[in-house]
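So you can see what is in the structure, the chains are spelled out below.
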Amino acid sequence: MTCDREALSGDVTDIVARLKSLSAAEDFFETLGVSYEPKVLDVSRLHIMKRMGQYLAEEDISGHSARAAVARARDALERAYADFATSSPLSRRVFRVLQQHDPTRTAAPGQTFVPLDTVLKS
């Protein structure tokens, strides 16, 4: 896969607009020239894209040159992909629903889960 240089030309505003117009995770990987394993992407695509967004939110790419903005976006995608290439989405807990239902945390009072099979045994 190679970086789609024509799609990422212009100033930073054009680059950000182009990235915002992408819809599929594969489009991001292709446009930014980042290689990936389809099996990893099939399992963790939403988590990878969410994490990429988190990494990009930590940086202000608008103050950089177009080349630097593309490099930072590529780096954010590579880092996000690496996060999930070797671990499961459950171990990273990117989404709030997964953070709230961490089985290693004790339940808050009034929010205890009772499995159905324990009720049926009574």
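For the structure, see preceding data.
For the structure given in this document, a descriptive report is provided here. Here the structure is a predicted model, which means the values were calculated and not measured.

Scanning the entire structure with this criterion turns up five salt bridges. Linking Arg-51 and Asp-83 is a salt bridge whose minimum nitrogen-to-oxygen distance equals 2.8 Å. Here the residue Arg-51 occupies a position in helix H3 (residues 38-57), and Asp-83 occupies one in helix H4 (residues 66-85), the gap between them amounting to 32 residues. For the pair shown, Arg-51 and Asp-83 are each scored as buried. The shortest N-O distance in the salt bridge between Arg-72 and Glu-59 comes to 2.9 Å. Remark: Glu-59 occurs in the loop between H3 and H4 and Arg-72 occurs in helix H4; sequence separation between them is 13 residues. Exposure remark for Arg-72: the relative accessible area of 32% places this residue in the partly exposed category. Taken together, the shared-partner salt bridges in this structure form one network comprising Glu-26, Asp-42 and Arg-45.

Counting 21 residues, the largest nonpolar core has Leu-19, Phe-29, Leu-32, Ile-48, Met-52 and Leu-77 as its most contacted members. Breaking this core down by element, the ones donating at least two residues are helix H1 (12-21), helix H2 (25-32), H3 and H4. Excluding residues within four positions of it along the chain, Met-52 makes contact with Phe-28, Leu-32, Ala-73, Ala-76, Leu-77 and Ala-80.

The subject of this paragraph is the side chain of Asp-83. Note on Asp-83: relative accessible area 12%, which makes it buried. Side chain to side chain, Asp-83 and Tyr-55 meet in a polar contact 2.5 Å long.

Our focus in this paragraph is the packing of H3 against H4. Geometry of a packed helix pair, given as the angle between the helix axes and the separation of the axes. Look at H3 against H4: their axes get within 8 Å of each other, and the N-to-C directions meet at 135 degrees. By the angle between their axes, H3 is oblique relative to H4. Crossing of H3 against H4: the hand is right-handed. Where H3 abuts H4, its residues Val-40, Ser-44, His-47, Ile-48, Met-49, Arg-51, Met-52, Tyr-55 and Leu-56 lie against Arg-72, Ala-73, Ala-76, Leu-77, Arg-79, Ala-80, Tyr-81, Asp-83, Phe-84 and Ala-85. Among the residues making up the contact of H3 with H4, the classes are represented as 13 nonpolar, two polar and four charged.

What counts and how
Residues numbered from 1 in each chain as written. Predicted model: local features only at pLDDT ≥ 70, side-chain atom pairs only at ≥ 80, totals over all residues. Heavy atoms only, no water. Salt bridge = Lys/Arg side-chain N within 4 Å of Asp/Glu carboxyl O. Helix = DSSP H or I, 4+ residues; strand = E, 2+ residues; numbered from the N terminus. Buried < 20%, exposed > 50% of the residue type's maximum accessible area, 1.4 Å probe, protein only. Core = buried A, V, L, I, M, F, W, Y, C linked by side-chain atoms within 4.5 Å. Contact = heavy atoms within 4.5 Å. Polar contact = N/O pair within 3.5 Å; in protein donor to acceptor, adjacent residues only side chain to side chain. Axes fitted to C-alpha atoms, helices over the stretch in contact; angles between N-to-C directions. Parallel < 35°, antiparallel > 145°, perpendicular 65-115°, else oblique. Left-handed = near helix turned anticlockwise from the far one by under 90°. Nonpolar A, V, L, I, M, F, W, Y, C, P; charged D, E, K, R; others polar.

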